[in-house]
Amino acid sequence: MFVLPLVVLYFKIDRSKIFLLGFLGYSIHVLAAYTDALGIRKSWWDYPYVIFPQLPGSLGIDASVIPVYFILLYQWCLNKKKNYWLYGTLSSFGFTFIIKPLLIWINVFELYTNYFVLLLSYLFVVYAAKLITDIFIHMSTN
């Protein structure tokens, strides 16, 4: 879950937009990690297995799967002139109601609250990262 998405990103990322895409991806990564840490601390969810005990159990998801997915989504939205807010929202629903139940089923994620809280966390990450990226784009052009 950690290495494969990064390999895919290496071959698929539009190098002419790499800093913009990388900034959004890094924002997604940081916000997802903080949101995930909050969810674990509040006992909303947890990860029963960790690869390295010193690192968060969500490392593969927060540092690779989610950022790479949203980088490629943002790239697609930019190239096809699609609405990132719409597709980010739809993707948040997909992660909440398809991916997370699959992770629960294979016993690598445990949810102790309702799916609405999980959905709100995804929406927060997706919207906040895009908003931060838009603010930096605006500041760089003035």
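How each quantity is defined
Residues numbered from 1 in each chain as written. Predicted model: local features only at pLDDT ≥ 70, side-chain atom pairs only at ≥ 80, totals over all residues. Heavy atoms only, no water. Helix = DSSP H or I, 4+ residues; strand = E, 2+ residues; numbered from the N terminus. Rg over C-alpha atoms; globule rule 2.2 N^0.38 Å. Buried < 20%, exposed > 50% of the residue type's maximum accessible area, 1.4 Å probe, protein only. Areas by Shrake-Rupley, 256 points an atom, 1.4 Å probe, with all protein chains shown as cover. Lys, Arg positive; Asp, Glu negative; His and termini not counted. Charge placed at Lys NZ, Arg CZ, Asp CG, Glu CD. Expected span 1.5 Å × (residues − 1). Salt bridge = Lys/Arg side-chain N within 4 Å of Asp/Glu carboxyl O. Core = buried A, V, L, I, M, F, W, Y, C linked by side-chain atoms within 4.5 Å. Contact = heavy atoms within 4.5 Å. Patch = residues over 30% accessible without salt bridge, like charges linked within 9 Å, V, L, I, M, F, W, Y side chains within 5 Å. Axes fitted to C-alpha atoms, helices over the stretch in contact; angles between N-to-C directions. Left-handed = near helix turned anticlockwise from the far one by under 90°. Nonpolar A, V, L, I, M, F, W, Y, C, P; charged D, E, K, R; others polar.

A. A look at the overall build of the chain. Check the secondary structure of the chain and you find five helices and two strands. Taken from N to C terminus, the helices and strands of the chain fall in the order α-α-β-α-α-β-α. By the compact-globule yardstick of 14 Å for 142 residues, the chain fits well, its C-alpha radius of gyration being 15 Å. Across its three principal axes, the chain shows a C-alpha extent of roughly 45 × 30 × 25 Å. Taking all 142 residues of the chain together, 37% fall into the buried category. About 8,700 Å² of surface is accessible on the chain, with carbon and sulfur atoms providing 71% of the total. The positive charge centre, built from 10 side chains, and the negative charge centre, built from 6, are 12 Å apart in the chain.

B. Spotlight on helix α2 (residues 18-41). For α2, with 24 residues, the first-to-last C-alpha span of 34 Å sits near the 34 Å given by 1.5 Å per residue. Within α2, burial applies to L21, L24, G25, S27, I28, L31, A32, T35, D36 and G39. One or two positions beyond α2, positive phi appears at S43, with a value near 60°.

C. Region of interest: the pattern of salt bridges. On inspection of all chains with the given rule, the structure shows two salt bridges. Residue D14 is joined to K17 by a salt bridge in which the shortest nitrogen-to-oxygen separation is 3.4 Å. The partner of D134 in a salt bridge is K130, with the nearest N and O atoms 2.7 Å apart. Taken together, the residues span about one helical turn, with D134 and K130 both in helix α5 (residues 115-141) at a distance of four residues. Since its relative accessible area comes to 26%, D134 is described here as partly exposed. Assessed through its relative accessible area of 9%, K130 is described here as buried.

D. Spotlight on the nonpolar core. Residues I28, I66, F70, Y84 and F109 are the most contacted members of the largest nonpolar core, which totals 28 residues. For this core, the secondary-structure elements that each account for two or more residues are α2, α3 (59-80), α4 (84-105) and α5. Sort the elements by how many residues they give to this core and α3 lands first, with eight residues. Excluding residues within four positions of it along the chain, I66 makes contact with I28, I61, F95 and Y122.

E. Looking closely at the environment of Y34. Along the polypeptide, Y34 turns up in helix α2. Here the alpha-carbon distance between Y34 and Y74, two residues 40 residues apart in the chain, equals 21 Å.

F. Representation of a nonpolar patch on the surface. Where nonpolar side chains cluster on the molecular surface, the patch consists of W85, Y127, L131, I132, I135, F136 and M139 and spans about 640 Å² of accessible area. The dominant element in the nonpolar patch, judged by the number of residues it contributes, is α5, at six residues.

G. Broad picture of the packing of α2 against α5. Their axes nearest at 9 Å, the elements α2 and α5 cross at an angle of 140°. Judged by the twist between their axes, the crossing of α2 over α5 is right-handed. Residue-level inspection shows L20, F23, L24, S27, I28, L31, A32 and T35 of α2 in contact with α5, the latter providing S121, F124, V125, V126, A128, A129, K130, I132, T133, F136 and I137. Here the contact of α2 with α5 is built from residues that sort into 14 nonpolar, four polar and one charged.

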